[in-house]
Structures are given as structure tokens and as C-alpha cells.
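Observations on chain architecture
Spelled out from the first residue to the last, the chains are:
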Amino acid sequence: MNSIKNLSFIGICMAFVVIALGAWTRLVDAGLGCPDWPGCYGFVFWPNDEVEIALAESRFPMFPYDINKAIPEQVHRLFAAALGLVAILLVYLSFTKTKNNSIKKLSLFLLILICCQGLFGYLTVSLNLLPIVVTTHLFGGFATLTLFYFIYLKSRNFEVFNQINISKIRLIASIAFVVLIFQIFLGVWTSTNYASLACADFPTCQGSYFPEMDFRNGFNLNQEVGPNYLYGLLDNPARVAIHYSHRVSALFVTFIFLVLMSRLWFSDAAPLASTLGILLITQITLGIINVVYVLPLYVAIAHNLIAACLLLATFTVNYLAWRK
Ligand code: HEM
């Protein structure tokens, strides 16, 4: 069991790295930095010297080579592949080192999910950044992290958790989990549709509390991508609708989390309430900095990572609340 515990912990750390690298790739607009998959212009790493670059450009004449975009894209893929190897090893260990059936099922499911992630990584490139594909791929990243964490919790069996009984807060814990997932969807949709800077002011958006918005096109999941979707194709009101929804939904999330935290505070799990509170305040502050300071790279990546931490913290609350 020790080896499963250690390996799932390594998986959690690596999943965080892969999520951060994915955000970096997206934020420097490098999603099409390598036009082929899984190689990069036919190379395992990326073309480095003049000869390799000339060869790369002759292979893909329609895609001028930019090393600053190829590196983030290929580094992200290589780390994701390493994470896939960790998942394979985890399946092997769970079938040889433990009799716990739920760990076996979870690790198999995790491996299937990572394979699907690879497929979506391929589709991201081949379908030219189709927003619904990119969004699903990002969601898959958060789901992968959560599964590694779930396996870790199951293999670890923390002593302190046995003293906590919060089964009374199951309903609000579940609602918080669902609204957080919806908020993450809106954030990812904002990012994949290049709507991050659609409202450059705060708390107003385009100088108004009710700017012109086009929800129909903003949330049309089947939109056309043209030759490719780099920098987005939506009109301004559609982008504003996406960005505005993410902000307003953050208010709703805050309200639900305040209820959850107050219930946790007066239960056996007060430290979890403080953890959620600190993460939520950090996340909202990073979101506002993203807007006011025009999306600084490290802040945008941190906004992504804190969303992942919030997800794991909310998952922990649900794990404890629903545990038999
Ligand atoms: C509970 C609160 C929040 C959560 C869980 C959350 C989550 C997320 C997530 C997961 C993303 C996608 C990041 C990416 O794909 O790189 C995102 C993007 C974004 N969020 Fe939030 N967010 C929250 C609150 C806010 C607030 C209050 C603001 C601003 C007032 C904000 C502004 C943004 C912006 C501008 C982006 C796009 C950044 C990019 O292009 O990467 N967020 N959010």
C-alpha cells in the first residue's frame, strides 16, 4: 500500500505541473506551436538548430516555426506522457500490491482518462483549437488531478479524518462542489474563447455594470473555428457575455462557500473552513489582478492552480461528508 500512496502523491504533484504547463501553453498562444502530434515538426523534442529548423519548415510549410511556441507545447506533452507512465505503474501496483477493489477500479479509470486526455490533446491540434475540445481537455486535466488525489486519500487512510463526522453537511458540500465545477467551466471557457480581456475594468465591465452582451453566440458550443481558433473569432459582445458570466458566477460561488464554511466552522472540521476561505480569497484576488493588470502570465497560471487547490479542498470536504 505504501508504494501506491507514494506513487499517487507523485501523480498529484506531476498533475499540478502538467496543469500549469497547459496554462502556460495556452497563455502564450502556443496551442498550435507544434502542428503534428505526438512529435513536434517530426522531432521527439523540438527543432533546435538551423538544419533541424529548415527540415521542420520543409515538412510543414504552412506552419512557420516559432521556437518560443514549440517549447511550451512540447514540454507540456512530455510531462503529460510522463504522467501517463505514472498512471500505468499505478494500475500495475494496484493489481499486485493491494486487495482494495476500489483502488483497482479508480486507477484503471484514471488510466483510461489519461488516454482520453492524450486523444483530446491530439484533437486540440488537429481541430485547430476548437473551443469545446480545448475546454474538455482542460476539464480532463482537473479530473485527472482529482482522481490521483482520490486514490491517495484511499491509500493513505489519515488518522485525523476518523475523528471528523460531517455527514450532516452533505447537501451543501455537494452543492459547493457542483457550483465550483461550473465556475471552473466558465473560467476555462473564458480562457479558450480569448475572452479574458473582454472586460478590462473592475468592478465594471466596459465602463458599465450591464454592458452589451451576446449570450447566444458566447455560449454556442458548436461555433465555427475558421482556419484555426487562435486568438478567437467571437464578436466583442459574445466575449463580454462569457467574461461577465464568470465574474457574476464567482459571487454566487462565494455565497455558497460562505454557507459551507460556516457549517464547517461549527463542526469537527474548522481547519477545512479556514483552508477554503484562504483559497477562495486568494483565487478572487488573482482573478481581479488578471483583469486590472492585463493578464500577467504568472498570475494567470496561479489562478489556474488555485482553482485546482479549491477543487481538491472541496473534494476533501465531500469525501469526508459522504464517507460510510
Ligand atoms: C471561485 C472563484 C473563481 C474560480 C474557481 C475561477 C476559476 C478559473 C479558471 C479555472 C480559469 C481558467 C484558467 C485557464 O484556463 O488558464 C479562470 C480564468 C479566468 N478568471 Fe477566474 N475564477 C474565479 C474567480 C474569478 C474572478 C473573481 C475574476 C475577476 C474578477 C476572474 C477572472 C478570470 C479571468 C480574466 C480568466 C481568464 C484567464 C486566462 O485567460 O487564463 N476569476 N478562472
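Residues numbered from 1 in each chain as written. Predicted model: local features only at pLDDT ≥ 70, side-chain atom pairs only at ≥ 80, totals over all residues.

All right, on to the packing of helix α9 (residues 270-292) against helix α10 (residues 297-322) then. Orientation of α9 relative to α10, taken along the N-to-C sense of each, is 155 degrees, at an axis distance of 9 Å. Relative to α10, the element α9 lies roughly antiparallel. Viewed along their axes, α9 and α10 form a crossing whose handedness is left-handed. Residues Leu272, Thr275, Leu276, Leu279, Leu280, Thr282, Gln283, Leu286, Gly287, Ile289 and Asn290 of α9 touch α10, and the partners they reach there are Val299, Ala300, Ala302, His303, Ile306, Ala307, Cys309, Leu310, Ala313, Thr316 and Val317. (Axes fitted to C-alpha atoms, helices over the stretch in contact; angles between N-to-C directions. Helix = DSSP H or I, 4+ residues; strand = E, 2+ residues; numbered from the N terminus. Parallel < 35°, antiparallel > 145°, perpendicular 65-115°, else oblique. Left-handed = near helix turned anticlockwise from the far one by under 90°. Contact = placed C-beta atoms within 7 Å.)

Before going further, it helps to examine helix α4 (residues 101-126). Compared with the 38 Å implied by 1.5 Å per residue over 26 residues, the 38 Å span of α4 between its first and last C-alpha is a close match. Where α4 is buried, its residues touch α1 (2-27), α3 (67-96) and α5 (131-156). Looking one or two places after α4, you find asparagine 128, whose phi comes out positive at around 55 degrees. (Expected span 1.5 Å × (residues − 1).)

On to the environment of tryptophan 37, then. Checked against the element boundaries, tryptophan 37 lands in the loop between α1 and α2 (50-59). The spacing of tryptophan 37 and tyrosine 122 is 85 residues in sequence and 5.9 Å in space, taken between C-alpha atoms. Excluding anything up to four places from it in sequence, tryptophan 37 contacts Gly121, Tyr122 and Val125.

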